[in-house]
Amino acid sequence: MEISYNALKLNPDDNVAVALQRIGKSEAVLINNSEIELVALEEIPYGHKIALRTIIENDDITKYGECMGKATKEIPAGSHVHVHNVRGLNEMERAVVINHVMEP
Amino acid sequence: MTKFNGYRRSDGSVGVRNHVIVINTVGELSALARKIASLVPGVIPVIHHGGVAQFPEDYVQTLRTLIGTAGHPNVSAALVLGEEDDEIAKAIAVKLKEKNKPVRTICLNNNQTIPGLLKEGKEWLENALVKSKREIRQECDITELIVGLECGGSDAWSGITANPSIGTFSDMIVKEGGTSVLAETTEAIGAEHILASNAINREVGREFLDIVRNYDYRIKQTGEDIRSANPTPGNMAGGLTTLEEKSLGCIKKGGSTPLKEVISYADRPSEKGFVFMDTPGYDVESVCGLAAGGAQVVLFSTGKGSPTGSPIVPVIKIGTNPKVYEIMSEHIDINAGKIIDQNKNITDIGTEIFDKVIDVSNGEQTAAENQLNQEFAIWRLAESI
């Protein structure tokens, strides 16, 4: 069955989408349920993430509507988002998140 | 309310299988237990390598797991193979007799030859098997079902296809009054705040954060850091970038229902609803704990085609991507990869899983059962003495 998009945005708040197939450099990125116009700045491998908008350094990377890490440098829209430009949260940042849950 | 046909036991529990098993109490007896089981076709060997030279915390956990396994509602009768004056065998027999579950203990001792022991075991098993065939399925409510939620061999699609579909199933069964048990504490590290904030009250949220913190602490005590080991190089090649991302995908199996209870490894939920069991990320030990805690069926998502099954509970495999389903269909029951290439959505696959759970509870064999995948290992906490 033919499907009309090549990347999946999992939550309306997300700033990344997941490539449903390999997306070549300069290819159009077609997002499910979205009119957003985007071109891949570089190759995005199958299952990897692409920036839906420019993400500035130290901003959250949001997937599933949740913070999955921080940008280690500015990530232009259409870039491959992975270990070269994202880090996980450090102990202090984790503690803040967890303590926030238990606040009255 | 959804119904299924199961085996109603005298203690009120309901099984979806009617196994006659042989279970060994200590690792030394594993080959002999397997041999006794092989004498009677249809009998299932439940073999492990623990039970001896253990610290008290492991002794208690092993005993709880063996009692939960031999006394499981999917088990019609159990032959327990022990050593002379075997405390574990005695304890299992006492607990099973309390439930009126047919149990026989045979212990290696100086008064009986091996051929004599094999003959005694064979005769008891043949008789137990004949009796088990007379038991018939009866109509039961879905509220009697406890379904374990597990993953193994995750990939970048696990959190997008199979796990959220399992989450949809979890919400469905809990809504109908049944129980789902999410497991794998290590796989929640990095996303524990989400499950905690979704707990039914602060106390349950706190208990959940405590088991995650304790696990994290025990890993650090060994000099390792879960954050440097996860995601694995294989996870990263597949597109997973951070531990948080991997864990956010894992906990999708829990759906959106509030977390009602946090239980120890191999413990039985005391309430119906959505429950978390403290288990390791190693899938064989985790499935073993879920089963020993009373889950009659386990759902298991896999991106890499993990064959893990169980000797006593049907394990339903859900492939996360079209390729794993195509190349390993012998291992996999449901293709959640249809979300990637066939315009299916999470609700479609969640409903497919729900229907499959009912079919399997009615007796339909899973891929793992057809392959005789009967892995069994008890979570070991400390060193051998």
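Calculation notes
Residues numbered from 1 in each chain as written. Chains lettered and ligands numbered in written order. Predicted model: local features only at pLDDT ≥ 70, side-chain atom pairs only at ≥ 80, totals over all residues. Heavy atoms only, no water. Helix = DSSP H or I, 4+ residues; strand = E, 2+ residues; numbered from the N terminus. Buried < 20%, exposed > 50% of the residue type's maximum accessible area, 1.4 Å probe, protein only. Contact = heavy atoms within 4.5 Å. Areas by Shrake-Rupley, 256 points an atom, 1.4 Å probe, with all protein chains shown as cover. Lys, Arg positive; Asp, Glu negative; His and termini not counted. Charge placed at Lys NZ, Arg CZ, Asp CG, Glu CD. Pairing = 2+ DSSP bridges. Axes fitted to C-alpha atoms, helices over the stretch in contact; angles between N-to-C directions. Domains from an automatic or database assignment. Buried area = accessible area lost by both parts, 1.4 Å probe. Salt bridge = Lys/Arg side-chain N within 4 Å of Asp/Glu carboxyl O. Polar contact = N/O pair within 3.5 Å; in protein donor to acceptor, adjacent residues only side chain to side chain.

### Looking at the overall build of chain A
Working step 1: If you tally the helices and strands in chain A, you get one helix and nine strands.
Working step 2: In chain A, the succession of helices and strands from N to C terminus is β-β-β-β-β-β-β-β-β-α.
Working step 3: For chain A, the proportion of its 104 residues judged to be buried stands at 47%.
Working step 4: Within chain A, residue pairs in contact and separated by at least 24 positions form 43% of the contacts whose partners lie at least 6 positions apart.
Working step 5: Within the structure as shown, chain A displays about 5500 Å² of accessible surface, and the carbon and sulfur contribution to it stands at 50%.
Working step 6: Computing the positive centroid from 10 side-chain charges and the negative centroid from 16, chain A places the two 4 Å apart.

### Some points on the sheet that holds strand E14 (residues 334-335) of chain B
All names here are of chain B.
Working step 1: A sheet is described by the order of its strands in space; here seven strands give the open sequence E10-E11-E9-E8-E12-E13-E14, paired in parallel fashion. In this open sheet, the two edge strands, each paired with only one partner strand, are strand E10 (259-263) and E14.
Working step 2: Across four bridges, the pairing between E10 and strand E11 (residues 274-277) is parallel. Its bridge partner lying in E11, Val262 is registered against Phe276.
Working step 3: Helix H7 (residues 202-221) rests against E10 and E11 of the sheet, and its axis sits at about 40° to E10.

### Details of the domain arrangement of chain B
All names here are of chain B.
Working step 1: Each assigned domain of chain B is listed here: domain 1 (19-134) and domain 2 (140-370).
Working step 2: Each of domain 1 and domain 2 was reduced to a C-alpha centroid, and the two centroids are 29 Å apart.
Working step 3: Tallying the contact residues gives 14 residues for domain 1 and 14 residues for domain 2.
Working step 4: Summing both partners gives a buried area of about 1000 Å² for domain 1 against domain 2, and 61% of it is carried by carbon and sulfur.

### Comments concerning the interface of chain A and chain B
Working step 1: Taken together, the contacts link 33 residues of chain A with 35 residues of chain B.
Working step 2: Across the interface of chain A and chain B, roughly 2800 Å² is buried in total on both sides, 60% from carbon and sulfur atoms.
Working step 3: On the chain A side of the contact with chain B, A:Tyr64, A:Arg94 and A:Met102 bury the most area, a combined 25% of that side's loss.
Working step 4: Linking chain A with chain B are four salt bridges.
Working step 5: For A:Glu91, the salt bridge is made with B:Lys220, and the minimal N-O distance between the two is 3.6 Å.
Working step 6: Linking chain A with chain B are 14 residue pairs in polar contact (both at pLDDT 80 or more), by the criterion used here.
Working step 7: Elements supplying a minimum of two residues to the side of chain A that touches chain B: strand E2 (16-19), strand E7 (66-71), strand E9 (86-87) and helix H1 (91-102) of chain A.

### Observations concerning the side chain of B:Ser301
Working step 1: Within the secondary structure, B:Ser301 sits in strand E12 (residues 297-302).
Working step 2: In this structure, B:Ser301 is in contact with B:Glu150, B:Cys151, B:Gly152, B:Ala162, B:Asn163, B:Ile166, B:Lys253, B:Ile318 and B:Thr320, ignoring residues within four places of it in sequence.

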